[in-house]
Structure formats: structure tokens, C-alpha cells
Amino acid sequence: MSDVSTNAPQAKYRNDYQAPLFAISETDLVFELDDHQTMVTNTMKIQRVGEDSDLVLVGENVSLLKVTLDGRILGESDYTQTEKDLRIHQVPDAFVLEVMTQIDPANNSALEGLYKSAGTFCTQCEAEGFRRISYYLDRPDVLSVFTTKIVAPKQGFPYLLANGNPIAHAANDTHHSVTWHDPHPKPAYLFALVAGDFDVLEDHFETQDGRDVLLQIFVDKGNLSRAQYAMDSLKRSMAWDEERFGLVYDLDIYMIVAVDFFNMGAMENKGLNIFNSKYVLADAKTATDQDFINVESVIGHEYFHNWTGNRVTCRDWFQLSLKEGLTVFRDQEFSADMGMRSVQRIQDVRIIRSHQFEEDAGPMAHPIRPDRVMEMNNFYTVTVYNKGAEVIRMLHTLLGENGFQAGMRLYIDRHDGQAVTCEDFIKAMEDANSADFSQFRHWYAYAGTPQVQVHYDYDVERQEGSLVLTQTTPDTPDQKDKPAFHIPIQVEFIDDQGVSVEVHVNDSPLDLIELTEREQCIRFKGPKAPLIPALLGNFSAPIKLIFEQNEDELLAIMRGASDPFLRWDASQRIYRNSLLTAIHEDTDVGLSEAMLDTLSSVLKDAKQDAALTALLLQIPNEETLAQEFDIIPVADVVRVVGELRALLALALKDELMFVWERTDIANAGLDSALISQRMLANTALGYLAFHHDDAQISSVLKQQFYHSASMTLTFGALAAAVHADHPLCHSLLDDFAKKWQGHALVMDKWLAVQASAPDWGSAERIDYLTHHSAFNWTNPNRIYALLASFTHNLGQLHAQDGLGYQLLESAITRLNASNPQVASRLLSPLLKWKRLPEALQTALHDTLVRLRKLNNLAPDLHEKLSQALEEK
Ligand code: B3K
Ligand code: ZN
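Per an unreviewed UniProt entry, the recorded name for the chain is Aminopeptidase N, and the organism is Aliidiomarina halalkaliphila. Per UniProt, the chain carries the Cofactor (unreviewed entry) text "Zn(2+)". Turning to the chain, the UniProt record has this under Sequence similarities (unreviewed entry): "Belongs to the peptidase M1 family."

Structure representation (C-alpha cells):
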């Protein structure tokens, strides 16, 4: 039957939450590992905690072999089995249930549950993967004490790992086993098991309460030296969490295993993190500075989950942001404290503006705490994670560091060992600070990006000014007529000398406006001089500010604001205005002399922070510009962004060369000054490479590509050449591939740089690359590098010939069957069909309709397609 509606997956609603009817105090697991016939014996001590009813356990893709209740083997009449659950009739109030299942890890291409990654057995159970291992109460509010015995051949599997501490070993001639016990009750999604052969990097950390923690990082043989940075990052994370949050590690061992096949970045399983090797392995030869930064941030993120996620977990999956928003905020602060705070902040904002605002404006828009979910894996989104972190950051802004930390302490004291809700978190923040966040709660409840319109007036004679702020939030698919939000807006003012000055409201300095009304007027007193307001300092709220300021005003902010975010933001507003003018007036892109002079002096100023200079020079990309339009004029967007790049390349050539020449290409050190210098060198070369016929620039490209000590610069040169379509790009691509073939993570860069290039990344080229030996349809990293990069290449994805859509349609069709989570990620950028010009709109709509009709459409895709096609 091909009727797509018969087996349609069902949506679940947050408001339907019901507490579990049974508790599982202990879970005893025995795994007898085998590629295709792994046997799992799951012995649970179960107690009834709710009303009298059958016990319903969930399971997917598992073969049930035997069920035993208090020692009695159950017959067919004792239970009912459906495709997704196992209902055991008439169970007593307390009993021991043993469920034996058989699973097939080697054929598990979805990488959920127990699967094989190259030669390693590993698990991924969040969100609902444990049910692919055994029948269970697979929900985060059922916490159990786990004991796990792993039995495997000695050959090939010398290391057998699970959560907690090892408590027993056994062996015969061919097989061995290790038993692990985790004393901390946990939901099944935090369960983990690994079996394989590794090199192990070991170290120790002594906690502030005197516990000696053994730290182990397991990597593929031969990769030990590439794990050192991850180890250092782990120790920094542990120290930072003690220092800044007062949170101390709670087991004697902390293990990290790097695997090559992994759908996401990493997983915070209790005491046994499993990582995508991309976020563990890094050395100067193979990793860029950004890779190192990512390793530190993901290592930190997973470590910080030990308290925000594991010790205090989520009651249900609608509360995902409780742990993710908070933990992203914590990892962002960690990175900021370790490295360059302002650069970190600007990069975080770029993610919100380019990806979260886009999601918020599309068919899958959802609040950070969603109300309706069909496939939970679809909700590991920039909204839940990154907007979730912005919401936490707003609480931090409103309460200050001390008030926020007081709220954190109360939250942890109250809820340690519990599965709780976002409401519990806000309540703790309120109670610790005697604050009222009733209106602030709207940030959890409503989707969409609030817009704040600003009117400003200043009377120099009377030294009085006013700001009138009006807020509205657009309708999103399930929500209309939204209430006013509680929005913190940080402000500063620049005077006619170009310096930041204080203004006052009732004699107190005005630096934070709390906008709570739909329209609010703030009156203040200032100096006897014209004043320019600079609003939304540090991006204090995830909103769109609509405030027309002229270029002189923006340049004054860019030169004089004390907040680096505001200086950068002013530069982006100037670029945006030129780009939009060129589209609206159908003219070439222009940039004023004043702006070019400002950029030129920033480049020539040796005292300027090089990283910030680089960020000031980076113009909005095509995707960001596209957000300005209801109907995206794809060709115009591509044209003007390209023109502005060329214009800057021409106008600033000497200055760019000047900063490039100051770069130390032989030093691969990782201190902030060197990282900043490389960032600026790559940005400069990115423009210089537009000079195709200039011998000096060709030689600079070659020098940076062939003779630098750091992958950051080698790859930067390649990216510059490919993105500018420089004649050298062919030979650089070839030489890079020759040198790095066989180094999958490095070759991912080679795939990604082509897929994201405006000229190079055509659908034909990408299609060709899917046949290259560096590509592999079963590994998510390869697919993200090539195909996900392509989905963000606006001009090529939406090319007139429709080849971009064809390429994605066939990739998604293929992945629907093998790895729906990955398929679903590729689908997201295609959902905005309504925002494309007519011809593209029809072609894209037809593509979505064909995908919707696929046989065995995975719930992940079903949910997105039915939302985008507005099925009701
Ligand atoms: N919690 C995991 C994500 C699991 C994703 C499941 N599809 C990684 C993280 O946020 O730390
Ligand atoms: Zn997380």
C-alpha cells in the first residue's frame, strides 16, 4: 500500500504530559555483542507508582525473544506486542521483569541505539534511541540505577566501556566481559556502551573537594597526539565549572570516546561521553583554529551537561531547552572566558541572525519549549539550543552575575536528582532573586522573532531626549496575536566627539532599558551636544531592531562605541544598506568614501584588535541578506554580495596586503594574538584573491598555501582561491587532495570549500564529488561537509536550472531509507519554497510534493514536509 496517510506518525503535545505509572529502581543489562545478533538481557526492578494499569514498554526494531516476570516465563496471553510497544497485562505492584531482545548493530545505518562505527560498537540513546536496544520506559522522567555487563570477543574488542565504575571482569579463551555500575540514577537516554580497540590518552584531575578523577580519551589507534588538545580542554572545563559555577564532578572516572560515525557533535552520557571524532582530534597540521575552538567548546558543553542535564534532567522532551539552552549558555561563557569574549559574542550572534531567525520565520518555527512534536530528533534546533541560550543570557543580563548564580544554586539544590521543567528553572531564578518573570516566560511559550521599532529624538538645548520603542512579534504557523515580551535592551550613547557618554534617567545612568509594554517611551537627560544612540549592546535580546540611522551615525558608532558588538553591528548595517540600495535601485553596489576611509584606517591601525578588524571586514553573506526579503530575489542577492566583495578587494588592496604581510605564517601557536592575526590574514587573502591577474597576489596565495605551519592558513589560502574562483584554485585543490587523501576530517574541508563556493559549488560539481573517494553516503560528516554546505550556497541551491533541487531530492530520498536524521537536516533549507520567485517556487514545491509521497517516509521528513506543505 502506498497510501501515505495510513501509517502517518502521530504528533505529541506538551500539555498531554502524564507522570509515569511505574518506576524502575534498578536496570541490569547484559550485552552479548555480535555484529548481527547482539543479545540484550534487560532485568528491571519495577514498582507501580500510579494507577492500576498494564505495564507498557516501548521498543523499536528489536526482536523479542523472551519475557520473564518474577522468574516465570510469560506466554503469549500474558502480553500484547505491537509494532512499537509491549504491553504486559496484570502486573503486580512490585516485580522483576526480564526482557530478552536481539538486535542487529552492523545494519543500523540510522546511528541510533546500538550501532557499529567502523570497527567499534557504540550507542546513541538521546532522545529515544534506547528503545532500539530493549523494551523500556524510554522517557527522561524515569530514572534508574544501571548495571551493565558487556560480553565480547577479546579479539578486536579489548576495551569494553559503559557508564559509572568498572566492578567486575571475567574472561575465557576467546571472550571477555566487564561489568560497570553507575551509582547515579539516570534516564535511559544517558545510557552508553562502547566496545572496540583504541589508543588511550590518560590524565587526572583533582576536584576542589579532593577527588582524584581519572580522565581517559579513547581514539583510533595512531591518533593519540591529536587528542591532547581535547584533554587540555577537558581539564579547563572542569576547573572553570568549579570556579564560575561552583559545580564539581561526581564520579572517579570520566571517559570520552571518539567515533567516526555520529549524527551530531557529541553526547553527554553519564561518565562516558561519545564524541564525533571531529570534536576530539586536532593538531596544528590538520585542524584550523576554528576546529580547536570547536573542540574546546564541545568538550566543555558535554562536560557541563553533567550538572545541567544529567544531575538535573528534563521531565519530558518538550523541556529540551532546559538542559540545552542552559548548557549552550554555559559553553559560550566558558569559551568567552578562555578566549576572546567579543569575537565569541559576535560569532554567536551571527548564528542566531543567519540560522535561528530563518527558522523562526519558516514553517518549522517553534518556541524554545515546543508544544507539539512528531519526531523529537527534529527539535535539536538552533531555536532550542541557541535561542534557548539567548533566553538564559537575558536572565543573566537582568539579574547580573551574582543574581544569576544565586538562581543557579537554588535550581541545583532544589532539583538535584530530579527530572524537571523550564518552569522549575525560572521559578528558581525568581525565588532566589525575589524577581517576577511572569512576562519573561513568554520567551518560552512563543515562537517568532520580536521586532522593535525605534524613534529617537534629542533636544540639545534642553539636554533632553526620548526613545520610543514599539514591539511586535510576527505570527508563526500555530500562533497569532502574541503578547508583549519582556526585552532587555542595552544602550549607550556617542557624542559629537565620537566618544561614548552617559545619559541619565532620574539621575541614574541609563544603560539598560527593560521594554515590557507594546509601546514605551524613555526620557533621559544628556550633555549639551548631539547624541547618537547605539542600541542592543552585546545583542542583549534575540530580536530585530528596526532603527533607521544614517551613515554618519553608523560610522560614529563603528568608530566610537565602547561595546565591540555595537561597533561590528554598525559595520554590518552599513554593508546591508548598500546591498539593499543596489537591489532596490538596480544599480551597482557602492560604498561611501567615508566608510572606505574608516575601514582603511582600521586596517592600518596596528593597535586595533586583528580579530575584530577581520570581523568588521566580513560582509553579510547571501543567506543573511536573503532574510531581508519576503520573496528572495536570488539572482540579485548573489550579484550584489559578489559586487561588494569585489569592490572591497579593489578599494582596500594596499591595506589588505599590508596586514597580510604582518602575519607570522611560520608560527602555529594558539594564543589569541596569533589566532586573531590568522583570522585577519585569511580575511585579507579572501579579498586579495579577487585580483586574478596580479602576480604578487598569486605568489602570496602560494606562499600561504604551501609554506604555513598551520592548517588555518593552508586552508584559508585554498578557501580564498576557490571562493574567488582564482586561476590557481585548480592546482591548489589538486595538491590539497593529493596531500590529504585518506585523512577524512581534512578532506571534509576540501569537500565543504567547494560546496560553499559561489562559482565552484554548482550542483553538477557536487554531484560529481559524491562519487569521489573522499565522499561516503554512510558517514554523516561527509554528508554535512558536502551536501549540507551546498544547502547553504544560496545561488547554487536555487539555481535556475533546478539542478540544485534535483541533487537534494535524490540525496534526501536515499537518506530517508538509511539515515532519516541526516536526511531531515538536509531538508530544512528547502522548506522556504514560498519565499522564492515564481519559477523556483514551483520547482521547489514540486520537489517537496514528490518527497512527501515517498514510500516509507520517515517521521523526521513527514513532520517537516507536512508543515511546509501546510497539510492540516
Ligand atoms: N544531547 C546531545 C544531542 C543528542 C541528539 C539526539 N538526536 C548533544 C548535546 O547537545 O550535547
Ligand atoms: Zn547539549
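That was the structure; now back to the text.
## Describing the overall build of the chain
A count of helices and strands for the chain gives 26 helices and 34 strands. Computed over its C-alpha atoms, the radius of gyration of the chain comes to 28 Å, within 12% of the 29 Å expected for a compact globule of 872 residues. Along the longest, intermediate and shortest principal axes, the C-alpha atoms of the chain span 90 × 65 × 60 Å. At a minimum sequence separation of 6, the contacts of the chain that also span at least 24 residues come to 70%. Separation between the mean location of the 75 positive side-chain charges and that of the 124 negative ones in the chain comes to 1 Å.

## Description of the coordination of the zinc ion (ligand 2)
Where a metal carries four tetrahedral donors, each ideal angle is 109.5 degrees; where it carries six octahedral donors, the ideal angles are 90 or 180 degrees. Around the zinc ion (ligand 2), the protein supplies His301 (NE2), His305 (NE2), Glu324 (OE) and Glu324 (OE) as donor atoms, at distances of 1.9 to 2.8 Å. Around the zinc ion (ligand 2) sit 6 donor atoms, and with donor-metal-donor angles ranging over 52 to 162 degrees the site reads as irregular. As a motif over one chain, the donors of the zinc ion (ligand 2) read H-x3-H-x18-E. Of this pair, His301 sits in helix 2 (residues 289-304) while Glu324 sits in helix 3 (residues 320-338), and the two are 23 residues apart along the sequence. Residue His301 shares its accessibility class with Glu324, and that shared class is buried.

## Quick word on the pairing of strand 3 (residues 38-48)
Put simply, side chains in a regular strand alternate between the two faces of the sheet. Pairing between strand 2 (residues 22-32) and strand 3: 10 bridges, direction antiparallel. Of the residues in strand 3, the one forming a bridge with Glu32 is Met39. Where strand 2 folds back onto strand 3 in an antiparallel hairpin, the turn is made up of 5 residues. With 10 bridges connecting them, strand 3 and strand 9 (residues 94-103) associate as antiparallel partners. Bridge pairing links Thr43 to Glu98 in strand 9.

## Focus: the UniProt feature "domain: Aminopeptidase N-like N-terminal" (unreviewed entry) in the chain
Here the UniProt-annotated "domain: Aminopeptidase N-like N-terminal" (unreviewed entry) positions come out as residues 108-190. In residues 108-190, the share of helix is 0% and the share of strand is 52%. The end C-alpha atoms are 19 Å apart.

## Thoughts on the environment of Arg48
On the secondary structure map, Arg48 appears in strand 3. Residues Arg48 and Pro92 lie 44 residues apart in sequence; the distance between their C-alpha atoms is 7.9 Å. Each residue touching Arg48, except ones within four places of it in the same chain, is listed here: Leu21, Phe22, Ser53, Val91, Pro92 and Asp93.

## Observations regarding the site of ligand 1
Inspection of the region around ligand 1 gives 16 residues, with Glu126, Glu268, Glu302, Asn377 and Tyr385 positioned closest. Between ligand 1 and Glu126, the relevant distance is 2.6 Å, taken from a nitrogen atom to a side-chain nitrogen or oxygen of the residue. Contact distances for ligand 1 include 3.2 Å between an oxygen atom and a side-chain N or O atom of His305. Protein coverage of the free-state accessible area of ligand 1, which is 340 Å², stands at 97%. When residues of the shell around ligand 1 are traced back to their parent elements, those giving at least two are strand 20 (266-267), helix 2 and helix 3. Within the shell around ligand 1, the residues separate by chemical class into 6 nonpolar, 5 polar and 5 charged.

## Points about helix 23 (residues 803-818)
The terminal C-alpha atoms of helix 23 lie 23 Å apart, and with 16 residues this matches the ideal 22 Å at 1.5 Å per residue to within 8%. Among the residues of helix 23, those classed as buried are Gly804, Tyr805, Leu807, Leu808, Glu809, Ala811, Ile812, Leu815 and Asn816.

## What to know about the UniProt feature "domain: Peptidase M1 alanyl aminopeptidase Ig-like fold" (unreviewed entry) in the chain
The sites that carry the UniProt feature "domain: Peptidase M1 alanyl aminopeptidase Ig-like fold" (unreviewed entry) are, in the present numbering, residues 448-546. Taken end to end, residues 448-546 has its terminal C-alpha atoms 16 Å apart, with 0% of it in helix and 53% in strand.

## Some details on the pattern of salt bridges
In total, this model carries 56 salt bridges according to the counting rule given. In this structure, Asp78 engages Arg72 in a salt bridge whose closest nitrogen and oxygen atoms are separated by 3.4 Å. The exposure class of Asp78 is buried, given its relative accessible area of 18%. Across the pair Arg244 and Glu401 runs a salt bridge whose closest N-O atoms are separated by 2.9 Å. One end of the pair, Arg244, is in helix 1 (residues 228-245); the other, Glu401, is in helix 5 (residues 382-415), and 157 residues separate them in sequence. A relative accessible area of 18% means that Arg244 is categorised as buried. One connected set of salt bridges, linked through shared partners, spans Arg244, Glu333, Asp337, Arg341, Arg393 and Glu401.

## Overview of the sheet that holds strand 17 (residues 199-206)
Note on sheets: strands pair through backbone hydrogen bonds, and any given pair is parallel or antiparallel. The 5 strands are arranged 17-18-19-21-20 in an open sheet whose pairing can be described as mixed. Each edge of the sheet is formed by a strand with only one pairing partner; in this case those strands are strand 17 and strand 20. Where strand 17 meets strand 18 (residues 212-219), 8 bridges bridge the pair, whose relative direction is antiparallel. Its bridge partner being in strand 18, Glu202 is matched across the sheet by Gln216. Here helix 2 sits on the sheet and contacts strand 19 (253-259), strand 20 and strand 21 (272-276); the angle it forms with strand 21, its principal contact strand, is near 150 degrees.

## Side note on the nonpolar core
Membership of the largest hydrophobic core comes to 295 residues, with the highest contact counts inside it found for Leu97 and Ile489. For this core, the leading source of residues is helix 5, giving 13 residues. The contacts of Ile489, once residues within four sequence positions are left out, are Val452, Leu469, Asp511, Leu512, Ile513, Leu515, Leu535, Leu536, Ser540 and Ile543.

## Comments concerning the packing of helix 10 (residues 593-604) against helix 11 (residues 610-617)
Contact geometry of helix 10 with helix 11 gives a least axis separation of 10 Å together with a crossing angle of 155 degrees. By the criterion of interaxial angle, the relationship of helix 10 to helix 11 is roughly antiparallel. With respect to the hand of their crossing, helix 10 and helix 11 are arranged in left-handed fashion. Contact residues: helix 10 offers Leu599, Val602 and Leu603, while helix 11 offers Thr613, Leu616 and Leu617.

## Section: unusual backbone geometry
For the bond from Glu126 to Ala127, the omega torsion is 0 degrees, close enough to zero to count as cis. Tracing the backbone through its elements, the reader meets Ala127 in the loop between strand 11 (120-124) and strand 12 (144-153). At Asp507, a residue that is not glycine, the phi angle is positive and equals roughly 70 degrees. Positioned with a positive phi, Asp725 is a non-glycine residue whose angle comes to about 55 degrees.

## Brief notes about the sheet that holds strand 13 (residues 159-162)
Spatial strand order, 10-11-16-13: 4 strands in an open sheet with antiparallel pairing. Looking at which strands have only one partner, the edges of the open sheet turn out to be strand 10 (113-117) and strand 13. Strand-to-strand twist across the sheet, computed as the mean angle between neighbouring axes with direction ignored, equals 20 degrees. For strand 10 and strand 11, the ladder comprises 5 bridges, and the chain directions are antiparallel. Its bridge partner lying in strand 11, Gly113 is registered against Gln124.

## A look at the environment of Ser578
Topologically, Ser578 is positioned in helix 9 (residues 564-584). With sequence-adjacent residues up to four places away left out, Ser578 is seen in contact with Val589, Gly590 and Leu591.

Reading guide: rules and limits
Residues numbered from 1 in each chain as written. Chains lettered and ligands numbered in written order. Predicted model: local features only at pLDDT ≥ 70, side-chain atom pairs only at ≥ 80, totals over all residues. Heavy atoms only, no water. UniProt positions renumbered as here; feature names shortened; annotations may be inferred. Helix = DSSP H or I, 4+ residues; strand = E, 2+ residues; numbered from the N terminus. Rg over C-alpha atoms; globule rule 2.2 N^0.38 Å. Contact = heavy atoms within 4.5 Å. Lys, Arg positive; Asp, Glu negative; His and termini not counted. Charge placed at Lys NZ, Arg CZ, Asp CG, Glu CD. Donors = N, O, S within 2.8 Å, 3.2 Å for Na, K, Ca; no water. Tetrahedral: all angles 85-135°; square planar, octahedral: opposite > 155°, others 65-115°. Buried < 20%, exposed > 50% of the residue type's maximum accessible area, 1.4 Å probe, protein only. Pairing = 2+ DSSP bridges. Near = heavy atom within 4 Å. Polar contact = N/O pair within 3.5 Å; in protein donor to acceptor, adjacent residues only side chain to side chain. Areas by Shrake-Rupley, 256 points an atom, 1.4 Å probe, with all protein chains shown as cover. Nonpolar A, V, L, I, M, F, W, Y, C, P; charged D, E, K, R; others polar. Expected span 1.5 Å × (residues − 1). Salt bridge = Lys/Arg side-chain N within 4 Å of Asp/Glu carboxyl O. Axes fitted to C-alpha atoms, helices over the stretch in contact; angles between N-to-C directions. Core = buried A, V, L, I, M, F, W, Y, C linked by side-chain atoms within 4.5 Å. Parallel < 35°, antiparallel > 145°, perpendicular 65-115°, else oblique. Left-handed = near helix turned anticlockwise from the far one by under 90°.

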